[in-house]
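# A closer look at the structure
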Amino acid sequence: MHQTQRLRRGIRNLIHYHLQESINPHWLISFHYSEGKTHEAEVLGDTQDLKRKLQRLIYQARNKSIKGAGAYPYPKLLFFHEVSHQGTGQYHTHLIVEALPSSLNTQAAVEHLFSKTLPEKVKALSKWKSIDIQRIHQHDTDYKCISNYLSKQSTPEHLSLDPFSSDLLSTTQCTYNRSKGNQ
């Protein structure tokens, strides 16, 4: 039990740090997968597919009238996978994302993106379960609440933070790693 508490505290501090220092969080989006998503490895693969398709949609929504808009910086994403409390073993995901391009960065546009557009492109997403989209307010109270909420299911056997899909490195580190051929 003590080990689990230490792990949760560490994850909570990591999330809090990234919310304050590493990213500029704008949206907290919670979504479900289609029936039968009870294996973590499968969910991790589905998340990679979702991330690629989401980035493609974001890139297409950039303001093309701005010179150099082709180099639009993708918003950073943090993924957290949790298992249902209802005993089904079904996974759902919480996503923290920075502000999207202006054409996608409204409550209605994000809802449409995650309830209509993405489920058509990412077959693993549920087409009938609700999606919860909340605007993140840029203050420490919101960051603490989010950090506590997203670390609640972390145990030594299951880490809710998805380090494979989440953008945990700064852009500078990614650029450095790519120039060295390490990514």
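For clarity, every value in this text was computed on a predicted model and none was experimentally measured. (Residues numbered from 1 in each chain as written. Predicted model: local features only at pLDDT ≥ 70, side-chain atom pairs only at ≥ 80, totals over all residues. Heavy atoms only, no water.)

With that out of the way, let us pick up the confidence of the model for the chain. Of all residues in the chain, 84% attain a pLDDT of 70 or more, and the chain-wide mean is 83. Within the chain, the element-level pLDDT minimum falls on helix H5 (residues 171-179), averaging 38, and the maximum on strand E4 (residues 132-135), averaging 95. Counted against residues more than four places away or in other chains, residues 171-183, with its pLDDT under 50, gives eight contacts. (pLDDT = per-residue confidence, 0-100. Helix = DSSP H or I, 4+ residues; strand = E, 2+ residues; numbered from the N terminus. Contact = heavy atoms within 4.5 Å.)

It is worth spelling out the packing of aromatic side chains at this point. Evaluation of the coordinates by the stated rule reveals two aromatic pairs. Where Phe31 meets Tyr33, the ring centres are 5.8 Å apart and the plane angle is 70 degrees; that geometry is what we call edge-to-face. Assigned by exposure class, Phe31 and Tyr33 land together as buried. Through a chain of ring-to-ring contacts, the aromatic side chains of Phe31, Tyr33 and Phe114 assemble into a single cluster. Just above the ring of Tyr149 sits the side chain of Lys152; from NZ or CZ to the centre is 3.6 Å. (Phe/Tyr/Trp six-rings, centres within 6.5 Å; stacked < 30°, edge-to-face > 60°. Buried < 20%, exposed > 50% of the residue type's maximum accessible area, 1.4 Å probe, protein only. Lys NZ or Arg CZ within 6 Å of the ring centre and 35° of its normal.)

To continue, consider the pattern of salt bridges. Oppositely charged side chains may form a pair once their charged atoms are brought near each other. Applying the stated criterion across every chain yields a total of six salt bridges. A salt bridge links Arg52 to Asp49, with the nearest nitrogen and oxygen atoms 3.7 Å apart. Of this pair, Arg52 and Asp49 both sit in helix H2 (residues 40-60), three residues apart, roughly one helical turn. On the basis of relative accessibility, which here comes to 45%, the residue Arg52 falls in the partly exposed class. Note that Lys144 is salt-bridged to Asp140, the shortest N-O span being 3.4 Å. Of this pair, Lys144 and Asp140 are both found in helix H4 (residues 140-151), four residues apart, which corresponds to roughly one turn of the helix. Among the charged side chains, a salt-bridge network with shared partners connects Asp49, Arg52 and Lys53. (Salt bridge = Lys/Arg side-chain N within 4 Å of Asp/Glu carboxyl O.)

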